[in-house]
Amino acid sequence: MHRSSPDGLPLSEDEGRARRRHTTALQRFNYASHQIATAYDLHICEAGVPDVETRYGACPRHEGGRLAAYHPSFHVPGKNHTIVIADCQFDEENLAKAWIADRIRWLILSRRGQRLPPASYRRRG
């Protein structure tokens with residue numbers, strides 16, 4: 001598949017890749033902890049299919065000249081979005097990573113429990 005420039009001229013594969021990379025610049029979004037489901041739906045899932053390359057992390061919070069804490073975060077490489085949970089902070093980076101991973105896991109498991117079973121297994125009323 002060849003892409004064309006705004007002038008209508010075909011772009012080489014490298015130029016097309018560079019242009020796509022430019023249009024998907026890193027974006028950072030801040031959410032509160034009670035909005036994790038919204039952040040998951042808007043950033044990780046695309047038409048109900050999650051981005052399996054999502055990485056959990058911790059963003060350092062700087063107060064003055066010293067490192068004060070870490071905010072839980074996750075990065076979605078497919079969209080190049082970094083989502084930071086701004087109202088939670090932890091003293092250690094690994095605790096922030098574990099917290100966000102646990103919240104996302106809990107969200108996924110709770111949603112699986114809400115699905116109806118296949119029609120052949122439903123109770124008849």
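Residues numbered from 1 in each chain as written. Predicted model: local features only at pLDDT ≥ 70, side-chain atom pairs only at ≥ 80, totals over all residues. Heavy atoms only, no water.

Take the overall build of the protein chain next. Secondary structure assignment for the protein chain yields three helices and six strands. Overall, the protein chain shows an N-to-C arrangement of helices and strands of α-β-α-β-β-β-β-β-α. When each of the 125 residues of the protein chain is scored for burial, the buried share is 29%. In the protein chain, 48% of the contacts between residues at least 6 apart in sequence involve partners at least 24 apart. (Helix = DSSP H or I, 4+ residues; strand = E, 2+ residues; numbered from the N terminus. Buried < 20%, exposed > 50% of the residue type's maximum accessible area, 1.4 Å probe, protein only. Contact = heavy atoms within 4.5 Å.)

The next thing to look at is helix α3 (residues 93–113). Over its 21 residues, α3 extends 31 Å from the first C-alpha to the last, a length consistent with the 30 Å expected when each residue adds 1.5 Å. Taken together, the buried positions of α3 are A96, W99, I100, I104 and L107. All buried residues of α3 project into a common sector of 120 degrees when viewed along the axis, lining one side. When the buried face of α3 is taken as reference, the exposed residues oriented beyond 90 degrees from it are W106, R112 and G113. (Expected span 1.5 Å × (residues − 1). Arc of directions from axis to C-beta.)

Pairing between side chains of opposite charge can happen when their charged atoms approach one another. Scanning the model with the defined rule gives four salt bridges in all. The shortest N-O distance in the salt bridge between R111 and D41 comes to 2.6 Å. Pair noted here: R111 is in helix α3 and D41 is in helix α2 (residues 36–44), with a separation of 70 residues, a long-range link. Since its relative accessible area comes to 30%, R111 is described here as partly exposed. (Salt bridge = Lys/Arg side-chain N within 4 Å of Asp/Glu carboxyl O.)

Here we take up the environment of R103. Along the chain, the position of R103 falls in helix α3. R103 gets classed as partly exposed once you look at its relative accessible area, which sits at 32%.

Another point: the packing of α2 against α3. For any two helices packed against each other, one specifies the crossing angle of their axes together with the interaxial distance. Direction vectors running N to C along α2 and α3 enclose 85 degrees, while the axes themselves pass 10 Å from each other. Our classification of the angle between α2 and α3 gives roughly perpendicular. Residues I36, A37, Y40, D41 and I44 of α2 pack against W99, I100, R103, I104, L107, I108 and R111 of α3. Here the residues of the contact of α2 with α3 sort into nine nonpolar, no polar and three charged. (Axes fitted to C-alpha atoms, helices over the stretch in contact; angles between N-to-C directions. Parallel < 35°, antiparallel > 145°, perpendicular 65-115°, else oblique. Nonpolar A, V, L, I, M, F, W, Y, C, P; charged D, E, K, R; others polar.)

This next bit is on the confidence of the model for the protein chain. With 66% of its residues at a pLDDT of at least 70, the protein chain reaches an overall mean of 77. Here helix α1 (residues 13–23) stands out as the least confident element of the protein chain, with mean pLDDT 51; strand β6 (residues 81–85) is the most confident, with 94. For the stretch residues 1–8, pLDDT sits under 50, and the model shows eleven contacts to residues farther than four places along the chain or on other chains. Counted against residues more than four places away or in other chains, residues 18–22, with its pLDDT under 50, gives four contacts. (pLDDT = per-residue confidence, 0-100.)

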